[in-house]
There are 2 protein chains.
Amino acid sequence: MSEPITSKRGNFAARSLDLEAGRVDMNHGGGGRAMAQLVAELFQAEFNNPFLAQGNDAALLPSAAGQLVMTTDAYVVSPLFFPGGDIGSLAVHGTINDIAMVGARPLYLSAAFVIEEGLPLADLARIVASMARASREAGVPVVTGDTKVVERGKADGLFITTTGVGTVPEGIIFSGDRIRSGDAILLSGSIGDHGVAIMSAREGLSFNAPIESDSAALHDLVTAMIAAVPEIRCLRDPTRGGLAATLNELATQSELGFVIEETAIPINPVVRGACEILGLDPLGIANEGKLIAFCPPEHAAMLLSVMQAHPLGRDAAIIGTAGQDPRNFVRLRTSLGTERVVDWLFGSQLPRIC
Amino acid sequence: MSEPITSKRGNFAARSLDLEAGRVDMNHGGGGRAMAQLVAELFQAEFNNPFLAQGNDAALLPSAAGQLVMTTDAYVVSPLFFPGGDIGSLAVHGTINDIAMVGARPLYLSAAFVIEEGLPLADLARIVASMARASREAGVPVVTGDTKVVERGKADGLFITTTGVGTVPEGIIFSGDRIRSGDAILLSGSIGDHGVAIMSAREGLSFNAPIESDSAALHDLVTAMIAAVPEIRCLRDPTRGGLAATLNELATQSELGFVIEETAIPINPVVRGACEILGLDPLGIANEGKLIAFCPPEHAAMLLSVMQAHPLGRDAAIIGTAGQDPRNFVRLRTSLGTERVVDWLFGSQLPRIC
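Residues numbered from 1 in each chain as written. Chains lettered and ligands numbered in written order. Predicted model: local features only at pLDDT ≥ 70, side-chain atom pairs only at ≥ 80, totals over all residues. Heavy atoms only, no water.

As a reminder of what qualifies: UniProt positions are given in the numbering used here, feature names are shortened, and annotations may be inferred rather than shown by experiment.
Looking up chain A in an unreviewed UniProt entry gives the name Hydrogenase expression/formation protein HypE, with the organism given as Sphingomonas abietis. Its UniProt record gives chain A the following Sequence similarities (unreviewed entry) comment, quoted word for word: "Belongs to the HypE family."

Here's the deal with the overall build of chain A
Applicable threshold: Secondary structure elements follow DSSP: runs of H or I no shorter than four residues count as helices, runs of E no shorter than two count as strands, and numbering proceeds from the N terminus. Using a 1.4 Å probe on the protein chains alone, a residue whose accessible area is under 20% of its type maximum counts as buried, one over 50% counts as exposed, and one in between counts as partly exposed. By the convention used here, residues are in contact when the closest approach between their heavy atoms is within 4.5 Å. Where accessible areas are quoted, they stem from the Shrake-Rupley method and a 1.4 Å probe; at the residue level, only the protein chains shown are allowed to cover. Residues scored as charged are limited to Lys and Arg (positive) and Asp and Glu (negative), so that His and the chain ends carry no count. Note on charges: their place is set at NZ of Lys, CZ of Arg, CG of Asp or CD of Glu.
When helices and strands are counted, chain A shows 10 helices and 14 strands. A principal-axis box enclosing the C-alpha atoms of chain A has dimensions of 80 × 50 × 35 Å. Expressed as a percentage of the 354 residues in chain A, the buried residues total 62%. Considering only contacts within chain A whose residues lie at least 6 apart along the sequence, 85% involve residues at least 24 apart. Carbon together with sulfur atoms contributes 51% to the accessible area of chain A, which is approximately 12,500 Å² in total. The average position of the 26 basic charges and that of the 39 acidic charges among the side chains of chain A differ by 3 Å.

What to know about the interface of chain B and chain A
Put simply, the rule is: Summed over both partners, the accessible area lost on bringing two parts together, with a 1.4 Å probe, is the buried area. A carboxyl oxygen of Asp or Glu within 4 Å of a side-chain nitrogen of Lys or Arg is what we treat as a salt bridge. Between N or O atoms, a polar contact is any pair within 3.5 Å; within protein, one atom must be a potential hydrogen donor and the other a potential acceptor, and residues adjacent in sequence are included only when both atoms are from side chains. The classification used treats Ala, Val, Leu, Ile, Met, Phe, Trp, Tyr, Cys and Pro as nonpolar, Asp, Glu, Lys and Arg as charged, and all other residues, Gly among them, as polar. By this definition, two strands are paired if DSSP reports at least two bridges between them.
Taken together, the contact between chain B and chain A spans 94 residues of the former and 93 residues of the latter. Here chain B and chain A share an interface that buries about 7,600 Å² over both sides, 56% of which is from carbon and sulfur atoms. When the buried surface of chain B facing chain A is broken down by residue, Met70(B), Arg240(B) and Phe346(B) rank first, second and third, together holding 12% of it. Seen at the junction of chain B and chain A, the total is six salt bridges. Measuring nitrogen to oxygen at the nearest pair gives 2.4 Å for the salt bridge that ties Arg352(B) to Glu151(A). At the junction of chain B with chain A, the criterion picks out 39 residue pairs in polar contact (both at pLDDT 80 or more). A per-element tally of the side of chain B that touches chain A places strand E2 (residues 67-75) of chain B first, with nine residues. When the residues that make up the side of chain B that touches chain A are grouped by side-chain class, the tally is 43 nonpolar, 31 polar and 20 charged. Where strand E2 (residues 67-75) of chain A lies against strand E1 (residues 59-63) of chain B, four bridges are found, and the strand directions are antiparallel. The residue bridging Leu68(A) from the neighbouring strand is Leu61(B), located in E1(B).

What to know about the relation of the copies chain B and chain A
As a reminder, the rule being used: A least-squares superposition brings the copies together, and it is based on the C-alpha atoms of residues with pLDDT no lower than 70 in both.
Mapping chain B onto chain A calls for a screw motion: a turn of 180° about the axis and a shift of 0.0 Å along it, with 0.0 Å RMSD after fitting. Taken together, the turn and the small shift mark the pair as related by a two-fold rotation axis. Within chain B, Ala155(B) has its C-alpha nearest the rotation axis, a separation of 2.0 Å. A share of 99% of the interface residues of chain B reappears at the interface of chain A, consistent with the copies meeting face to face through the same patch.

Quick word on the sheet that holds strand E7 (residues 158-168) of chain A
Selection rule: Structural elements are reduced to axes, namely lines fitted to C-alpha atoms, with helices fitted over the stretch in contact, and the angle between N-to-C directions of any two is expressed from 0 to 180 degrees.
With mixed pairing, five strands are arranged side by side in an open sheet as E6(A)-E5(A)-E7(A)-E2(A)-E1(B). Looking at which strands have only one partner, the edges of the open sheet turn out to be strand E6 (142-150) of chain A together with E1 of chain B. Strand-to-strand twist of the sheet, defined as the mean angle between neighbouring strand axes without regard to direction, takes the value 20°. Of the strand pairs in this sheet, strand E5 (residues 105-116) of chain A and E7(A) are connected by 10 bridges, and their pairing is antiparallel. Across the sheet, residue Ala111(A) finds its bridge partner in E7(A), namely Thr162(A).

Some details on the side chain of Arg236(A)
Among the secondary structure elements, Arg236(A) is positioned in strand E9 (residues 234-236). Engagement of the side chain of Arg236(A) in a polar contact is seen with the side chain of Gln253(A), the distance being 2.9 Å. Of the polar contacts made by the side chain of Arg236(A), one reaches the side chain of Asn56(B); its length is 3.0 Å. Apart from residues no more than four positions distant in its own chain, Arg236(A) is found in contact with Met101(A), Gly176(A), Thr246(A), Glu249(A), Leu250(A), Gln253(A), Leu291(A), Ile292(A), Gly55(B), Asn56(B) and Asp57(B).

Printed below as a string of structure tokens:
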């Protein structure tokens with residue numbers, strides 16, 4: 001602010017962001033020229049779409065047929081970078097998945113950044129580029145955004161909140177309360193990868209094989225599933241709290257009980273080993289690229305084959321069945337033939353995993 | 001987590017949130033029963049609407065005619081409570097206003113909370129109640145949300161990101177590039193109140209009269225303005241960076257220059273006095289319940305009278321004119337008849353004001 005401003009435009013053009021050695025400072029969130037520069041040179045340049053380029057307070061979008069769907073998620077994952085992704089790609093995938101889980105087509109994303117003063121601009125640029133790549137690959141543009149900067153020690157590097165809007169044809173309703181006794185429970189692939197990848201990155205652990213987050217956008221898989229089996233009752237992605245929390249929530253919502261087969265649940269052997277070492281239950285660990293589906297039993301084989309034909313459902317399996325249970329328990333039949341109740345934990349085994 | 005879980009439901013019902021002496025802990029963001037309890041007893045109870053009550057990953061909403069509009073804002077205001085509002089009401093008003101500024105009708109809000117471990121549940125409850133009140137008064141429900149908790153020292157009490165969705169009839173386009181030379185510039189009321197209220201609360205300053213934030217939802221005022229003068233070219237709320245940043249942004253966007261009259265700009269005398277003491281320029285200070293409007297000169301008198309007839313536009317004034325200027329300067333004609341260029345600051349005079 002000390003240099004004389006001869007022309008705001010000339011001045012603006014003369015100084016570009018130092019993406020190599022620069023750091024975010026309080027000015028980048030101040031609503032002045034520094035913020036305009038960050039928005040133009042980083043966010044607009046990376047997200048690059050006509051809606052964001054409008055530059056007004058809100059993005060003006062085409063009208064959309066069908067019922068609207070809306071979801072929001074704050075991402076506070078620590079560390080910001082981890083094997084298989086970073087906070088940026090995770091924020092895009094997670095929000096797209098929440099839209100997809102109600103059977104809707106994701107159309108638009110917004111992104112709000114709360115940045116801790118001092119964050120290297122190189123880290124921010126890498127995250128925004130990764131976010132933009134995830135958004136492009138999924139075909140869901142980031143159409144509006146916001147940037148705030150807080151003083152050093154008042155945040156943890158970066159938090160990102162993404163909100164998604166989509167549409168779903170009238171009549172499609174996927175919801176926990178539509179699950180019926182006898183429904184088959186399908187899982188799209190191995191569990192625990194995301195949480196264990198974060199945990200390993202955080203603790204500096206390494207295993208004999210790399211563990212990568214499963215972070216991925218599931219809307220394309222969901223489209224294939226709905227096209228083949230419109231009778232699907234409910235979809236859900238087992239994120240925070242893992243399969244255990246998600247199934248317990250759905251048991252409560254459906255007023256049923258579920259029995260799942262331990263041997264049917266795909267778990268990457270390295271993840272299983274890591275869980276044993278760390279004392280974690282894979283059923284309670286977050287996933288970011290998996291879904292569970294409930295459907296009438298007569299459609300389960302068809303749904304399974306459609307899922308297995310998709311790259312994100314290759315390891316899909318039928319893992320259990322819904323049934324009557326006044327206590328709404330989720331029970332696990334173990335490999336030894338015994339049964340245990342799968343707890344709905346009070347909190348989480350692993351904080352800050354998404 | 002130490003007590004035995006006999007039945008998740010019995011256990012759940014037996015412990016309710018201690019809204020008087022309790023504090024947010026990491027479990028409240030863990031995706032388990034503690035989070036379900038916080039959502040049910042606080043968020044669902046306060047925001048109380050059928051969309052939020054669906055309890056799925058995304059809210060299923062009615063279909064909406066017209067073009068979609070989407071905006072997002074992260075709120076990091078410090079302190080969380082200030083004269084005239086708090087972070088909750090501010091988040092609702094600010095996002096509604098961004099929707100209103102493109103001429104759209106705000107329909108739905110989402111809210112994502114990043115909470116620092118240790119925040120008193122009483123503070124959170126007060127903020128959520130204030131948010132719910134603002135949302136009810138504006139007629140714009142909070143239909144979906146998310147809660148994350150980060151460790152003590154990794155945030156600053158609470159950050160809230162609100163996203164708004166609305167619709168606008170095809171053909172209505174309010175945008176900075178629609179401003180034409182000769183257009184009148186109108187301001188809906190006094191400037192500087194919000195920023196000075198926050199600054200005073202932060203620094204423990206008191207003046208001979210109380211200074212309150214002007215935080216308010218402007219969509220109803222905008223509806224009246226559009227009904228009377230559909231020829232409006234552009235609306236904008238001068239938040240971060242104040243009138244100075246907003247006018248400079250619009251001068252750049254419209255490729256024009258603006259001349260504003262110092263004596264025409266309403267400023268509360270106590271705010272003016274506070275600015276003199278604190279060395280602040282009222283033109284650079286954030287507002288949260290004001291708007292500026294551009295319209296063809298022949299409609300300015302009509303627009304002014306409609307604004308003045310609304311409680312949120314009582315002190316509205318015509319403050320200047322747009323004209324040709326290859327440098328896109330904003331010039332202030334002072335009470336002494338001299339002229340100065342209104343700078344577009346590099347950052348902001350006051351950080352963390354929204």
